[in-house]
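Structural overview
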Amino acid sequence: MNTLDQLRNGQTAVVVRLNADGSNRRRLMDLGILPGTRLQAELKSPLGDPVAYRVRDALIALRREQAKQIEIELEEGA
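Residues numbered from 1 in each chain as written. Predicted model: local features only at pLDDT ≥ 70, side-chain atom pairs only at ≥ 80, totals over all residues. Heavy atoms only, no water.

What follows is about the overall build of the protein chain. Summing up its helical and strand segments, the protein chain has two helices and six strands in all. Ordered by position in the sequence, the α and β elements of the protein chain form the string β-β-α-β-β-β-α-β. Compactness check: the protein chain gives a C-alpha radius of gyration of 11 Å against a globular reference of 12 Å for 78 residues, within 12% of the reference. In terms of principal-axis extent, the alpha carbons of the protein chain reach across some 30 × 30 × 25 Å. Considering only contacts in the protein chain between residues 6 or more positions apart, those separated by 24 or more positions represent 60%. As displayed, the protein chain offers around 4900 Å² of accessible surface, 44% of which is attributable to carbon and sulfur atoms. (Helix = DSSP H or I, 4+ residues; strand = E, 2+ residues; numbered from the N terminus. Rg over C-alpha atoms; globule rule 2.2 N^0.38 Å. Contact = heavy atoms within 4.5 Å. Areas by Shrake-Rupley, 256 points an atom, 1.4 Å probe, with all protein chains shown as cover.)

Judged from the two bridges that link them, strand 1 (residues 2-3) and strand 6 (residues 70-74) form a sheet pairing that is antiparallel. In the strand pairing of strand 6, Thr3 is matched with Glu71. Across five bridges, strand 2 (residues 12-18) lies against strand 6 in antiparallel orientation. The residue bridging Val15 from the neighbouring strand is Ile72, located in strand 6. (Pairing = 2+ DSSP bridges.)

On to the pairing of strand 5 (residues 58-62), then. Pairing geometry for strand 4 (residues 51-55) and strand 5, over five bridges, is antiparallel. Counterpart to Tyr53 in the pairing with strand 5 is Ile60. Linking strand 4 back to strand 5 in an antiparallel pair, the connection comprises two residues, with Arg56 at a positive phi of about 50°.

The next point concerns the sheet that holds strand 6. Hydrogen bonding along the main chain pairs the strands of a sheet, whether they run parallel or antiparallel. Spatially, six strands are ordered 1-6-2-3-4-5 in an open sheet, and the strand pairing comes out antiparallel. With partners counted over all chains shown, the strands left at the sheet margins are strand 1 and strand 5, one partner each.

Of note, Gln11 is situated in the loop between strand 1 and strand 2. Only 2.7 Å separates the side chain of Gln11 from the backbone nitrogen of Arg8, close enough to count as a polar contact. (Polar contact = N/O pair within 3.5 Å; in protein donor to acceptor, adjacent residues only side chain to side chain.)

We now examine the nonpolar core. Nonpolar side chains in soluble globular proteins tend to end up buried together. Among the nonpolar cores identified, the biggest contains 18 residues, and Leu4, Leu7, Leu28, Ile33, Tyr53, Leu62 and Ile70 are the most heavily contacted of them. For this core, the elements supplying multiple residues, two or more each, are strand 2, strand 3 (38-44), strand 4, strand 5 and strand 6. (Core = buried A, V, L, I, M, F, W, Y, C linked by side-chain atoms within 4.5 Å. Buried < 20%, exposed > 50% of the residue type's maximum accessible area, 1.4 Å probe, protein only.)

Structure below.
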């Protein structure tokens with residue numbers, strides 16, 4: 001299974017599962033990252049961490065460790 005940290009700039013994917021728990025899971029859910037949510041990788045910092053993702057018309061930044069907790073499925077043609 002792919003995880004969000006593997007998404008390249010411009011690629012789009014759909015969230016399949018959150019593998020976080022506790023306050024980390026709550027934070028991701030509060031940001032709108034839920035199963036079925038469409039995400040797009042937008043901007044990568046110069047050192048590659050964090051990465052900005054487009055989520056429900058908002059741009060959010062996640063660190064690599066957080067992105068590894070989000071299982072995704074690439075969209076067709078992505």
